[in-house]
Amino acid sequence: KQEVTQIPAALSVPEGENLVLNCSFTDSAIYNLQWFRQDPGKGLTSLLLIQSSQREQTSGRLNASLDKSSGRSTLYIAASQPGDSATYLCAVRPTGTSGSRLTFGEGTQLTVNP
Amino acid sequence: DTEVTQTPKHLVMGMTNKKSLKCEQHMGHRAMYWYKQKAKKPPELMFVYSYEKLSINESVPSRFSPECPNSSLLNLHLHALQPEDSALYLCASSQGVLAGYEQYFGPGTRLTVT
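Position numbers for residues count from 1 along each chain, tracking the sequence in the order it is written. For this description, chains carry letters from A and ligands carry numbers from 1, given in the order in which they are written. In view of the model being predicted, local features appear only for residues whose pLDDT reaches at least 70, and side-chain atom pairs are presented and counted only at 80 or more, with totals across whole chains, interfaces and linings using the full set of residues. Only heavy atoms go into the side-chain values, all of them from the structure, while hydrogens and water stay out.

Participant: When you look at the sheet that holds strand 6 (residues 56–59) of chain A in this model, what are you seeing that I'm missing?
Facilitator: As a general point, the strands of a sheet are linked pairwise by backbone hydrogen bonds and lie either parallel or antiparallel. All names here are of chain A. Sheet architecture is open: five strands sit in the order 1-3-8-7-6, paired in antiparallel fashion. Strand pairing shows two members of the sheet lacking a second neighbour, strand 1 (4–7) and strand 6, which therefore form its edges. The mean inter-strand angle of the sheet, taken between neighbouring strand axes irrespective of direction, is 15°. Strands qualify as paired when DSSP identifies two bridges or more between them. In this description a helix means any DSSP run of H or I spanning at least four residues, a strand means any run of E spanning at least two, and both kinds are numbered starting from the N terminus. Of the strand pairs in this sheet, strand 1 and strand 3 (residues 19–25) are connected by four bridges, and their pairing is antiparallel. When the sheet's bridge partners are listed, Thr 5 is paired in strand 3 with Ser 24. The angle between two axes is taken between their N-to-C directions and runs from 0 to 180 degrees, where each axis is a line fitted to C-alpha atoms and a helix contributes only its stretch in contact.

Below is the structure:
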């Protein structure tokens, strides 16, 4: 059974810092990995989707990498801002017929202090 | 338009009430999903519809009854709920159920069962 772990569970940083959020998964038979952002009591906003054949994806100040063989992904946030404060979730999608099932990690709660 | 809408935003209901949650998308997606998210936990898949047919039911109690009247609409009918069913209910959609399709999430309905 796929398990997804995110470290750290919570992170508090001053504005302007570069930071890295980690995601690991136990089964490397994934089709892709997706990073989401969730503000308190709100829905999920997709940030980046990395296919299993890709090594990284970039969007603005965000860069996500994927090392499928070692079961790891990182989300790098450059020059953090208070508006980046949210919970960040990673989710993996398996290969095969159960591809519609996303397995989520428990998330990293990020606070960026002005 | 990459928007999934959900109504209502908030719902308070007693254990003997019957209510419905509604989800709508106009992206031409043929797969729609219901997730349940408890506080500080990741979303958990409940149901998947593919081409308006139920394809996955994750052993959800019968007091939750999904319905997909057409390709743009997804309902979740609620009856005789328990206080532990209080959660954020998220709807998502994707082009299809295959692993390569990205899921887009709605803002959620915050349900409180009294």
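Picking up where we left off.
Participant: So what exactly am I meant to see when it comes to the packing of aromatic side chains here?
Facilitator: Classification of ring pairs rests on two measures: the distance between centres of Phe, Tyr or Trp rings, Trp counted by its six-membered ring, which must be within 6.5 Å, and the angle between planes, read as stacked under 30 degrees, edge-to-face over 60 and tilted in between. In total, this model carries seven aromatic pairs over all chains according to the counting rule given. Ring geometry for Phe 104 of chain A versus Phe 105 of chain B: centroids 6.4 Å apart, planes at 75°, classification edge-to-face. Of the two residues, Phe 104 of chain A sits in strand 10 (residues 103–104) while Phe 105 of chain B sits in strand 10 (residues 104–105), which places them in two different chains. Only protein chains enter the accessibility calculation, which uses a 1.4 Å probe; a residue is then buried when its area is under 20% of its type maximum, exposed when over 50%, and partly exposed in between. Residue Phe 105 of chain B is classed as buried on the basis of its relative accessible area of 10%. One aromatic cluster in this structure is built from Phe 36 and Phe 104 of chain A together with Tyr 33, Tyr 35 and Phe 105 of chain B.

Participant: Please explain the state of the cysteines as it appears in this structure.
Facilitator: In protein structure, a disulfide is the covalent linkage between the sulfur atoms of two cysteines. Note on disulfides: each one is a pair of cysteine sulfur atoms within 2.5 Å. This model, assessed by the stated rule, comprises two disulfides over all chains. Note on cysteine connectivity: Cys 23 of chain A is disulfide-linked to Cys 90 of chain A, with sulfurs 2.0 Å apart. Handedness here is read from the sign of the S-S torsion; for Cys 23 of chain A and Cys 90 of chain A, about 75°, the answer is right-handed. Of this pair, Cys 23 of chain A sits in strand 3 while Cys 90 of chain A is found in strand 9 (residues 86–94), placing the two residues 67 residues apart along the sequence. Cys 90 of chain A matches Cys 23 of chain A in its accessibility class, with the two residues each being buried. Unpaired in terms of disulfides, Cys 68 of chain B finds its nearest cysteine sulfur in Cys 23 of chain B, a separation of 9.2 Å. Its relative accessible area of 12% is what places Cys 68 of chain B among the buried residues.

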